Amino acid sequence: MTESMLAKRRSAAIAKGVGVTTQIYAERAENAEIWDVQGQRYIDFAAGIAVVNTGHRHPRVIAAAREQLEQFTHTCHQVVPYENYVALAERLNRLVPGNFAKKTVFVTTGAEAVENAVKIARAATGRSGVVAFSGAFHGRTFLGMSLTGKVAPYKMGFGPLVSDVYRVPFPIGLHGISVEQTLNALENLFKVDIEPTRVAAIIIEPVQGEGGFYPAPPELLKALREIADCYGIVLIADEIQTGFAHTGKLFAMEHHEVVADLTTMAKGLAGGLPLAAVTGRAELMDAVVPGGLGELMVVIQWRLRPPMRC
């Protein structure tokens, strides 16, 4: 079938809100190459938007997936737990930057990881405010797009968004925004919009992706760490796109003498399979009551309640 025929079928069957960058319809892929339905061969520089770090169909990824499929596909860890969940959590607790006790929770998507990180920060601090940056991308869910610092196309037509989200400019020398201006904006935010003692978290990408692939200046990250420590704010590093060797180290924060309290991961974590995670300080991770992280158990608990009487 030709790509033009597939494009017509796609247009008729799939919502317009799912945007498409190319009209190349993949038939197969191997390592850094993709072949389309017409047999044309391409070098894949997108990698599923920074997902298949190890290349398409890496033999070890395929072997691990095949081995797991022979055992079971899903039990829901909150219902019937299994060793793989524990083992990967132990590994991430060792690998994520920070010389302190850590714990991990797994979800499915990067947006879920961000949402759960904010939930953890709010539960741990008893506060609600969250500070994000212009140009940031944190997902398309309601909280994710509320944190995202770009209106078109992510927020158009979806308001009102989640409350208690505040934004300061991301420092980009090319655009005439310095670190000093960013920190002055944050100080002004604390003066006129929200007191710092009501801020649960500051969330930042070590390198902005959607914002234009701009690295966060080291002096900014250092200042944010000091501010977070001063006011008891949780510093969240969104490493969904920068994690797993995209910057030459396993995590981008390893390039800096700064450690986040919570780290969000997805994309390269599972080599093309849907998996995301939040890893962070054990005392913060344990602030959420059992059932507060993970949806299915909440649904089961709701179903076990006696019927409501009018």
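Everything below is about the structure printed above this text.
Quick caveat: nothing in here was measured; it's all calculated off a predicted structure.

Colleague: Hey, could you run me through the sheet that holds strand β7 (residues 199–204) in this one?
Modeller: Strand pairs in the sheet, formed through backbone hydrogen bonds, run parallel or antiparallel to each other. Taken in spatial order, the seven strands make up an open sheet running β4-β10-β9-β8-β7-β5-β6, and their pairing is mixed. Each of the sheet's edge strands pairs with one partner strand only, and the pair in question is β4 (102–107) and β6 (165–168). The mean inter-strand angle of the sheet, taken between neighbouring strand axes irrespective of direction, is 20 degrees. As defined by bridge partners, strand β5 (residues 129–133) adjoins β6 across four bridges and the pair is classed as parallel. Opposite Val130, over in β6, you have Val165 as the bridge partner. Each of β4, β9 (262–265) and β10 (276–281) is contacted by helix α4 (residues 83–95), which is oriented at about 130 degrees to β4, the strand it contacts most.

Colleague: When you look at the environment of Ala136 in this model, what are you seeing that I'm missing?
Modeller: Mapping Ala136 onto the fold places it in the loop between β5 and α6 (142–147). Taking C-alpha positions, Ala136 is 7.5 Å from Gly209, a pair spaced 73 residues apart along the chain. The residues touching Ala136, leaving out its near neighbours within four places in the chain, are Leu147, Thr148, Gly149, Lys150, Glu205 and Gln208.

Colleague: Would you mind showing me how to read the nonpolar core here?
Modeller: When a protein is soluble and globular, its nonpolar side chains tend to lie buried together. Judged by nonpolar contacts, the single largest core of 37 residues is most densely connected at Ile120, Leu147, Ile236, Leu262 and Val278. Ranked by residues supplied to this core, first place goes to helix α5 (residues 110–125) with six residues. Within the second largest apolar cluster, 27 residues are counted, among which are Val168, Leu189, Ile202 and Ile227.

Colleague: Sorry, what's going on with the sheet that holds strand β3 (residues 41–43) here?
Modeller: As summarised here, the arrangement of the three strands in space is β1-β2-β3, forming an open sheet in which the pairing is antiparallel. Either end of the sheet is taken by a strand with one partner, and the two such strands are β1 (26–30) and β3. The mean angle between the axes of side-by-side strands here comes to 25 degrees, regardless of whether they run parallel or antiparallel. The sheet contact formed by β1 and strand β2 (residues 33–36) spans four bridges and is antiparallel. Across the sheet, residue Ala26 finds its bridge partner in β2, namely Asp36.

About the thresholds
- Residues numbered from 1 in each chain as written.
- Predicted model: local features only at pLDDT ≥ 70, side-chain atom pairs only at ≥ 80, totals over all residues.
- Heavy atoms only, no water.
- Pairing = 2+ DSSP bridges.
- Helix = DSSP H or I, 4+ residues; strand = E, 2+ residues; numbered from the N terminus.
- Axes fitted to C-alpha atoms, helices over the stretch in contact; angles between N-to-C directions.
- Contact = heavy atoms within 4.5 Å.
- Core = buried A, V, L, I, M, F, W, Y, C linked by side-chain atoms within 4.5 Å.
- Buried < 20%, exposed > 50% of the residue type's maximum accessible area, 1.4 Å probe, protein only.

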